[in-house]
Amino acid sequence: MTSEKNSSTTILLQLSTRPEPYPPHVRQRLELDAKEIIARYPQSRSALLPLLHLVQAEEGCVTGTGIDFCAEHLGLTGAEVTAVATFYSMYRRTPTGDYHVGVCTNTLCAVLGGDAIYEALQQHLGVGHGETTADGAITLEHVECNAACDYAPVMMVNWEFFDNQTPESARAITDALRAGHQVRPSRGAPLCTFRETARILAGFPDERPGANEGAPGAATLAGLHIAENIAAEDDPAGQGE
C-alpha cells in the first residue's frame, strides 16, 4: 500500500509571555482600592465588574496584568476573568485616549444622521473604528444603541450623553477636547478623562460639582405630558374614580 502524504497544515501556537505584574507601589495602591471594593459584596467574585473598572482606570484598558490582578484577588482563573472582560463592550482591550467618543450608528440614530456624524469624525480625526488620535486625546468608535433614541442622533464621550448632534457639532466637541477646554455633556457635570470615568464606575465617589444633579429633558417627558393631558380631559374635575 502506498503511503499517503500527510496534507494537514501545521498549526503553530503563538503563546504570549506572561504579563508583568504591577510595580510594587502601584500594586500596593490598587490592593487598598480592591479591598474596599471586595468588602461591599457577600461573595468576592461578585466584585469582578467594578474590579475590572479599577484596573482599567489604571492603564486605560484591561490588560493581561489587570486580568491577573483581578483573578488573584477574587480566587478566579484568568480564563474566567477574561471571559467577562471580553463580553462587555465598556471594558476596552486596547489602549484608550483621554476621551472615548462613541457615535451611535444603530437604526434610529443612523437614519437621523449618526452615519454622517461618524464618517465626518473619521475624516476630521484621521482615525477609524477603535483607533486613537496621535496625540492620545480621542479614541473613536461606532457603538450600539445608547438608549437615548428620543435625542437621536446621539454621541457619547466617556459614557456621557451629547444629544441631537450634527457633523458640525461633533467636530466642534472633539476640537474642544483636544484643545483642553472644559466640555459639558447635554446633562450632568463637565467631562472627566476616560481613566477618571473608569474609577467612578468602579464605585468611587464622583466629586465633580453637579455630578448628581440634572433632570430629564423635554423629549423624555413628552409621553408623560400627553398621558396627563388625556387623563385631565377624561376627568376634568380631577376627582378620579
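Residues numbered from 1 in each chain as written. Predicted model: local features only at pLDDT ≥ 70, side-chain atom pairs only at ≥ 80, totals over all residues. Heavy atoms only, no water.

**Student:** So what about the overall build of the protein chain? Which residues, and what values?
**Tutor:** Scanning the protein chain from terminus to terminus reveals eight helices and five strands. Going from the N terminus to the C terminus, the protein chain shows its helices and strands as α-α-α-α-β-α-β-β-β-β-α-α-α. Relative to the compact-globule value of 18 Å for 241 residues, the protein chain shows a C-alpha radius of gyration of 23 Å, a clear excess of over 25%. Out of the 241 residues in the protein chain, the part that is buried amounts to 37%. (Helix = DSSP H or I, 4+ residues; strand = E, 2+ residues; numbered from the N terminus. Rg over C-alpha atoms; globule rule 2.2 N^0.38 Å. Buried < 20%, exposed > 50% of the residue type's maximum accessible area, 1.4 Å probe, protein only.)

**Student:** Could you give me a rundown of the packing of aromatic side chains, with the residues and numbers involved?
**Tutor:** Within the structure shown, the criterion is met by three aromatic pairs. Between Phe-87 and Tyr-88, the ring centres sit 4.9 Å apart and the planes meet at 85 degrees, which makes this aromatic pair edge-to-face. A centroid spacing of 6.3 Å and a plane angle of 85 degrees characterise the contact between Tyr-88 and Tyr-91, whose relative ring orientation is edge-to-face. By way of ring pairs, the aromatic residues Phe-87, Tyr-88 and Tyr-91 are connected into one cluster. The ring of Phe-204 has Arg-199 sitting right over it, with the charged end atom 4.0 Å from the ring centre. (Phe/Tyr/Trp six-rings, centres within 6.5 Å; stacked < 30°, edge-to-face > 60°. Lys NZ or Arg CZ within 6 Å of the ring centre and 35° of its normal.)

**Student:** An account of empty space enclosed by the protein is needed here, citing residue identities and associated values.
**Tutor:** For the structure shown, the criterion picks out one cavity of 30 Å³ or more. Roughly 30 Å³ of volume is contained in the largest cavity. Of the residues in the lining of the largest cavity, the class split is seven nonpolar, one polar and no charged. (1 Å grid on protein atoms, 1.4 Å probe; cavity = no way out; pocket = protein on both sides within 12 Å on 5 of 7 lines; lining within 4 Å. Points joined across faces, edges and corners; volume = space filled by probe spheres on them. Nonpolar A, V, L, I, M, F, W, Y, C, P; charged D, E, K, R; others polar.)

**Student:** I'd love a proper account of the state of the cysteines, names of residues and values included.
**Tutor:** Evaluated as defined, the whole model comprises zero disulfides. Residue Cys-70 stays outside any disulfide, its sulfur separated by 13 Å from that of Cys-61, the closest cysteine. On the basis of relative accessible area, Cys-70 is assigned to the buried category, the value being 0%. A disulfide-free cysteine, Cys-109 has its sulfur positioned 3.7 Å from the sulfur of Cys-104, the nearest such atom. Residue Cys-109 is classed as buried on the basis of its relative accessible area, which comes to 4%. (Disulfide = S-S within 2.5 Å.)

**Student:** Residue-level account of the packing of helix H1 (residues 24-38) against helix H3 (residues 64-74), with values.
**Tutor:** Closest axis-to-axis distance for the H1/H3 pair is 11 Å, and the angle between their directions is 50 degrees. For the element pair H1 / H3, the angle class is oblique. Here the hand of the crossing between H1 and H3 comes out right-handed. Mapping the contact onto sequence places Arg-27, Leu-30, Glu-31, Ala-34 and Ile-38 in H1 and Phe-69, Glu-72, His-73 and Leu-74 in H3. (Axes fitted to C-alpha atoms, helices over the stretch in contact; angles between N-to-C directions. Parallel < 35°, antiparallel > 145°, perpendicular 65-115°, else oblique. Left-handed = near helix turned anticlockwise from the far one by under 90°. Contact = heavy atoms within 4.5 Å.)

**Student:** Before we move on, can you summarise the confidence of the model for the protein chain with the specific residues and values?
**Tutor:** Counting all residues, the mean pLDDT for the protein chain is 90, and 91% of those residues have values of 70 or more. Of all helices and strands in the protein chain, the one with the weakest mean pLDDT is helix H8 (residues 218-234) (86), whereas helix H6 (residues 167-178) scores best (98). In this model, residues 1-5 is a region of pLDDT below 50 whose contacts with residues beyond four sequence positions or in other chains number zero contacts. (pLDDT = per-residue confidence, 0-100.)

**Student:** I'd like to hear about the pairing of strand S1 (residues 99-104), residue by residue, with values.
**Tutor:** Burial of S1 is extensive: six of the six residues sit out of reach of the surface. The alternating pattern of S1 places Tyr-99, Val-101 and Val-103 and His-100, Gly-102 and Cys-104 on opposite faces, both of which are buried.

**Student:** How would you explain a nonpolar patch on the surface if you had to name every residue and give the values?
**Tutor:** On the surface, Leu-49, Phe-87 and Tyr-88 cluster together into a nonpolar patch covering about 330 Å² of accessible area. By the secondary structure assignment, Leu-49 is in helix H2 (residues 48-59). The class of Leu-49 is partly exposed, set by a relative accessible area of 37%. (Patch = residues over 30% accessible without salt bridge, like charges linked within 9 Å, V, L, I, M, F, W, Y side chains within 5 Å. Areas by Shrake-Rupley, 256 points an atom, 1.4 Å probe, with all protein chains shown as cover. Salt bridge = Lys/Arg side-chain N within 4 Å of Asp/Glu carboxyl O.)

**Student:** If you had to explain the nonpolar core to someone new, which residues and values would you point to?
**Tutor:** Core analysis: the largest hydrophobic core is formed by 24 residues, its most contacted members being Leu-52, Leu-54 and Val-81. Apart from the residues within four sequence positions on either side, Val-81 is in contact with Leu-48, Leu-52, Ile-67, Cys-70, Ala-71 and Leu-76. Listed in part, the 20 residues of the second largest apolar core include Ile-117, Met-155, Val-157 and Val-183. (Core = buried A, V, L, I, M, F, W, Y, C linked by side-chain atoms within 4.5 Å.)

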